[in-house]
Amino acid sequence: MKGGQFSRLWGRQFTFTVATLVFTTVFFWTWENNPLLISLLSVQEQFTMHNTDDTTPKGFDNSIDSANVHYSEGKENPVKLASRIKRKLLSLLGVKNVTAVFNFEWIADSRRPLYSGYKCKQWLSDMWACRLTQRTDFSYEGYRWQPNNCEMREFQRGDFFKRMQDKTIAFIGDSLNRQQFQSLMCMATGGEENLEIENVGWKYGLVKPRGAIRPDGWAYRFPNTNTTILYYWSASLCGIEPINVTDPSTEFAMHLDQPPSFLRQFLPHFDVVILNTGHHWNRGKLKANKWVMHANGKPVTDRKLAEMGTAKNYTIYNIVRWLDSQITLRPKLKVFFRTISPRHFLNGDWNTGGSCDNLTPLSKGSEVFQDESSDPVVEGAVRGTKVNILDITAISELRDEGHISHYSIKASNGINDCLHWCLPGIPDTWNELLYEQL
């Protein structure tokens, strides 16, 4: 009798445990994979958007991203909180090995940098080539990123071109992706001038319009291996089109649920695509560019969707799902979504006296222990898809000494660039991670 009572009691406890486990798993899976749920959380609790003035100071490069997403002070990232609670509940329910913990470290390497900041003038913008500025300390160049549980492959130009034979690599995003593009061009050439490389921007419509400062991107072909590396500027990753094509001062429809027309048109020609967005999602940028949010072909009237964080997250989820559908049609296509690059402004923002004067490498520490991305939106968007995450946020957060700071040759007095990176520098590591994943 007692044994029977015990069995029934144990059975009820077991059933309750299983039910709790199933409910918890489904609940958090839904939370972490539903873009609208995460988007609403991000606006209300997760993010504080810095809406900056849309006027760019004279002498400061227009591509400087003037806003970023910051976690609200004193509040834990809700998506991370969900993950932490989920792991705790599963642990209490007896489920072991819930997640793996990864350990990475920046280590000194006398073989760095991978190219010369003096010699790579063919590809580097002057404003990002810190060797050409008044900066005198370049210790930030002498480190590489090393996982502690494996040996990361060294970047080898010969091997890179062997893998990329007859292939096209496309960077699409904001000026941080342009930095990664320029970094890869320098890495691929060893920082040496190469007159054999062909400018094939015209094939992709990347030519400078009359009166423009620059084209919308660049494309270069390495004839020996028929490898093309290109960059296209799309800060929001939205489809952008004029609302009234006959009006020179027209506003532009910013289609949150459509990828850029450039990507739709040329994706069949690409073999590797690297995307990013994040720093242009603020009212000042939208106003300056005359962008008006649209969804389902109509102006956005839903107040929740019109909130900046929600709109950004909605866009990221939409473009990831569209690309996932394209990979199904082209299984050899490799797509990477790069996580957000951290800013390091102290005591203000870019236009309010913020600075990043630290020159000591790794003053914040050299190691990263993480079992999830520091960019939960991108991590959530790619989960369950064939789109890869290029996770650079946590490792870059430790490298505040590597920014342009006040050394930019184009910056006005009192203006610091604590968003973009010196080259050679941190974006080289992003490309090493890309190379490893290829």
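Residues numbered from 1 in each chain as written. Predicted model: local features only at pLDDT ≥ 70, side-chain atom pairs only at ≥ 80, totals over all residues. Heavy atoms only, no water.

1. Section: the sheet that holds strand E11 (residues 272-275)
Next up, step 1: Reading across from one edge, E6-E7-E8-E5-E11-E14-E16 is the order of the seven strands in this open sheet, with mixed pairing throughout. Whereas interior strands pair on both sides, the edge strands pair on one side only; in this sheet they are strand E6 (198-199) and strand E16 (388-390).
Next up, step 2: Relative to strand E14 (residues 334-338), helix H9 (residues 308-329) is tilted by about 165°, and along the sheet it contacts E11 and E14.
Next up, step 3: Strand contacts of helix H12 (residues 426-437): strand E5 (168-173), E11, E14 and E16, with the helix running at about 155° to E16, the strand carrying the most contacts. (Pairing = 2+ DSSP bridges. Helix = DSSP H or I, 4+ residues; strand = E, 2+ residues; numbered from the N terminus. Contact = heavy atoms within 4.5 Å. Axes fitted to C-alpha atoms, helices over the stretch in contact; angles between N-to-C directions.)

2. Section: the sheet that holds strand E9 (residues 239-242)
Sheets are built from strands that pair by backbone hydrogen bonding, the pairs being arranged parallel or antiparallel.
Next up, step 1: Taken together, four strands build an open sheet; the order of strands is E9-E10-E12-E13 and the sheet is mixed. At either margin of the open sheet sits one strand with a lone partner, and together these are E9 and strand E13 (298-299).
Next up, step 2: Across two bridges, the pairing between strand E12 (residues 291-295) and E13 is antiparallel. When the sheet's bridge partners are listed, His294 is paired in E13 with Pro299.

3. Description of the nonpolar core
Next up, step 1: By size, the foremost hydrophobic cluster in this structure holds 53 residues, and its most contacted members are Phe160, Ile169, Phe171, Phe181, Ile229 and Ile274.
Next up, step 2: Ranked by size, the runner-up nonpolar core spans 30 residues in total, among them Tyr232, Phe266, Leu267 and Val378. (Core = buried A, V, L, I, M, F, W, Y, C linked by side-chain atoms within 4.5 Å. Buried < 20%, exposed > 50% of the residue type's maximum accessible area, 1.4 Å probe, protein only.)

4. Things to note about helix H5 (residues 175-189)
Next up, step 1: When the terminal C-alpha atoms of H5 are compared, their 21 Å separation across 15 residues agrees well with the 21 Å that a helix rising 1.5 Å per residue should span.
Next up, step 2: Of all 15 residues that make up H5, 15 are buried, and the element is covered over most of its length.
Next up, step 3: Sitting at the head of H5, Asp174 places a side-chain oxygen 2.9 Å from the backbone nitrogen of Leu176.
Next up, step 4: A positive backbone phi angle near 70° is found at Gly190, which sits one or two residues after H5. (Expected span 1.5 Å × (residues − 1). Polar contact = N/O pair within 3.5 Å; in protein donor to acceptor, adjacent residues only side chain to side chain.)

5. Side note on the pattern of salt bridges
Next up, step 1: For the coordinates displayed, the defined rule picks out 16 salt bridges.
Next up, step 2: Linking Asp109 and Arg111 is a salt bridge whose minimum nitrogen-to-oxygen distance equals 3.0 Å.
Next up, step 3: Given the relative accessible area of 53%, Arg111 is considered exposed.
Next up, step 4: Its salt-bridge partner being Arg131, residue Glu141 comes within 2.8 Å of it at the nearest N-O pair. One end of the pair, Glu141, is in the loop between strand E3 (102-108) and strand E4 (143-147); the other, Arg131, is in the loop between E3 and E4, with 10 residues separating them in the sequence.
Next up, step 5: You can call Glu141 buried: its relative accessible area is 6%.
Next up, step 6: Exposure remark for Arg131: the relative accessible area of 24% places this residue in the partly exposed category.
Next up, step 7: Overlapping salt bridges, with partners in common, bring together Asp109, Arg111, Arg112, Arg144, Glu154 and Glu432 in one network. (Salt bridge = Lys/Arg side-chain N within 4 Å of Asp/Glu carboxyl O.)

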